[in-house]
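Fold and geometry: a report
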Amino acid sequence: MNQPLVVEVNGLPGAGSTTLARALTKCFGVVALTDAPAGDAPPDLLVRVVGAQVRSADTAAIAMTEAPILVVASKCDTRRADQRPSAPGRQVYPVSGLLAGLTVTQEDVELLSEWQGGGLVVPVVAAAFAEHPEQARLLAAYGRWGLARAMAAVAEQPGIDAQALTGHLRAASGIDALAPPIRALSGQIAARRRAHRLSGLRLLAARGFDRTAAEYRLAAESLR
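Predicted model, so just to flag it, every value in this text is computed and none were measured. (Residues numbered from 1 in each chain as written. Predicted model: local features only at pLDDT ≥ 70, side-chain atom pairs only at ≥ 80, totals over all residues. Heavy atoms only, no water.)

A few points about the side chain of Asp108
When you line up the elements, Asp108 lands in helix α4 (residues 106-117). Engagement of the side chain of Asp108 in a polar contact is seen with the side chain of Tyr142, the distance being 3.0 Å. Residues in contact with Asp108, not counting those within four places in the same chain, are Arg137, Leu138 and Tyr142. (Helix = DSSP H or I, 4+ residues; strand = E, 2+ residues; numbered from the N terminus. Polar contact = N/O pair within 3.5 Å; in protein donor to acceptor, adjacent residues only side chain to side chain. Contact = heavy atoms within 4.5 Å.)

Points about the sheet that holds strand β5 (residues 92-94)
Through backbone hydrogen bonds, the strands of a sheet pair up, either in parallel or in antiparallel fashion. Pairing is parallel across the open sheet formed by five strands, whose spatial order is β2-β1-β3-β4-β5. Each of the sheet's edge strands pairs with one partner strand only, and the pair in question is β2 (31-33) and β5. This sheet shows a mean twist of 30° between the axes of neighbouring strands, independent of strand direction. Both strand β1 (residues 6-11) and strand β3 (residues 45-50) contribute to a ladder of five bridges, which runs parallel. When the bridges of β3 are listed, Val7 appears paired with Leu45. (Pairing = 2+ DSSP bridges. Axes fitted to C-alpha atoms, helices over the stretch in contact; angles between N-to-C directions.)

Quick notes on empty space enclosed by the protein
It is a probe the size of a water molecule, rolled over the atoms, that shows where empty space is left. A complete count under the given rule lists one cavity of 30 Å³ or more for this structure. In this model, the largest cavity occupies a volume close to 40 Å³. Forming the walls of the largest cavity are Val7, Leu24, Phe28, Val30, Leu45, Val47, Leu70, Leu178 and Ile182. Listed by contribution, the elements that provide at least two residues to the lining of the largest cavity are α1 (17-28) and β3. (1 Å grid on protein atoms, 1.4 Å probe; cavity = no way out; pocket = protein on both sides within 12 Å on 5 of 7 lines; lining within 4 Å. Points joined across faces, edges and corners; volume = space filled by probe spheres on them.)

A look at the packing of helix α5 (residues 133-156) against helix α6 (residues 162-173)
Where α5 contacts α6, the axes come no closer than 10 Å and their chain directions differ by 130°. Here α5 lies oblique to α6, going by the angle between them. Here the hand of the crossing between α5 and α6 comes out right-handed. Residues Tyr142, Trp145, Gly146, Arg149, Ala150, Ala153 and Val154 of α5 touch α6, and the partners they reach there are Leu165, His168, Leu169 and Ala172. (Parallel < 35°, antiparallel > 145°, perpendicular 65-115°, else oblique. Left-handed = near helix turned anticlockwise from the far one by under 90°.)

Focus: the pattern of salt bridges
Under the criterion given, the structure shown has five salt bridges. Asp58 is paired through a salt bridge with Arg48; the nearest N and O atoms lie 2.9 Å apart. Taken together, the residues Asp58 in helix α2 (residues 56-64) and Arg48 in strand β3 connect sequence positions 10 residues apart. You'll find Asp58 and Arg48 in the same group, each marked buried. Note that Asp108 is salt-bridged to Arg137, the shortest N-O span being 3.1 Å. With Asp108 in helix α4 and Arg137 in helix α5, this residue pair connects regions lying 29 residues apart in the sequence. Classification of Asp108 as buried rests on a relative accessible area of 4%. Taking the relative accessible area as the measure of exposure, Arg137 reaches 34% and is therefore partly exposed. If you follow the salt bridges from partner to partner, you end up with Asp108, Glu134 and Arg137 in one network. (Salt bridge = Lys/Arg side-chain N within 4 Å of Asp/Glu carboxyl O. Buried < 20%, exposed > 50% of the residue type's maximum accessible area, 1.4 Å probe, protein only.)

Written out as structure tokens, the structure reads:
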């Protein structure tokens, strides 16, 4: 497939669809949309983002889709493994879209190193950092679990730089577990694209818009 993969990312409000869409674009270079693609071109892949549990609206959306689909439990960094949702007949991939989409700066690394050396503990309640702008900024960007992971990495790997810490947090996010199932769906995605092209060419030929050219392209496409 020469064209970028078009992924529709959707879920109930607050599930983390927008955050995951940004992470998919950053990590895999796909075109990730949180709204259905404009026009009549269907998405190549649907990613359904679920929250703390798979709700009836999620189940209905999964059942109704005609596109290949993956189910992702985003915000997995906020839940223990035994609290993560499951969907009958579907594998649910736990992913922290927040960490996967994060780009650590060298300023962040220096702050984390300073805090780690000073014995700073990541608070359970975000309000504890409210009077400290830099601490509040990093807590919002990394999340509580991500900030704790980042500080642990700084302690375990003295001299770690921003690029390496970004990679460390991406690995912890779980997003790379989506690559194998996406690759496994490539044949199905290619077949759907071809079927859509053929359908469009047949419609052009039937309508008579440059019919000769449309029929030629249709014949050529049918031989592929």
